[in-house]
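If you want the building blocks of each chain, they are given just below.
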Amino acid sequence: QVQLVESGGGLVQAGDSLRLSCAASGLTFRRYNMGWFRQAPGKEREFVAVITWSGGSIYYADSVKGRFTISRDNAKNTVFLQMNSLKPEDTAVYYCATDFRWQSVDREPEKYDYWGQGTQVTVSS
């Protein structure tokens, strides 16, 4: 059974850093792109970053470009999101998701197949 488990969220002050992890299981021998999304209370789910299977292509939302870094370790079936210079507007539940349409690089949440349970990130001013 496919399962994605996120971890690393927490409560931090503006300017601090967090490193989120997403461990995937049940995807042996399958190729997939991995995306990070976030959703704040009362708002729609928002694209944050995506990385292809090989790590050769990476895209970020304009709101996080220059502050966040996405990476993956395929040997450990894990994707990371390093978040630096956090701002209060970054407060949200952060989700990782798999996209088996690995031939393309998608930013739309409806293109993703499996989702984690989310991890809360709260940034105080």
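Just above sits the structure.
What you see is a predicted model, and the numbers here were worked out from it, not measured in a lab.

Participant: Which residues make up the pattern of salt bridges, and what are the values?
Facilitator: By the definition in use, this model includes 5 salt bridges. Connected through shared salt-bridge partners, R38, E46, R67 and D90 make up one network.

Participant: Residue-level account of unusual backbone geometry, with values.
Facilitator: In this model, N77 sits at a positive phi of 55°, which is unusual for a non-glycine residue. Tracing the backbone through its elements, the reader meets N77 in the loop between β7 (68-73) and β8 (78-83). Since its relative accessible area comes to 32%, N77 is described here as partly exposed. Even without a glycine there, the phi angle at S85 is positive, about 50°.

Participant: Can you tell me about the sheet that holds strand β3 (residues 18-25), naming the residues and giving the values?
Facilitator: Each strand in a sheet pairs with its neighbour through backbone hydrogen bonds, running either in the same direction (parallel) or in the opposite one (antiparallel). Strand order in the open sheet made by the 4 strands is β1-β3-β8-β7, with antiparallel pairing throughout. Each having just a single partner strand, β1 (3-7) and β7 make up the two edges of the open sheet. Within this sheet the neighbouring strands show an average axis-to-axis angle of 15°, counted without direction. Note that β1 and β3 share 5 bridges and pair antiparallel. Looking at β3, one finds that Q3 is bridged to S25.

How each quantity is defined
Residues numbered from 1 in each chain as written. Predicted model: local features only at pLDDT ≥ 70, side-chain atom pairs only at ≥ 80, totals over all residues. Heavy atoms only, no water. Salt bridge = Lys/Arg side-chain N within 4 Å of Asp/Glu carboxyl O. Helix = DSSP H or I, 4+ residues; strand = E, 2+ residues; numbered from the N terminus. Buried < 20%, exposed > 50% of the residue type's maximum accessible area, 1.4 Å probe, protein only. Pairing = 2+ DSSP bridges. Axes fitted to C-alpha atoms, helices over the stretch in contact; angles between N-to-C directions.

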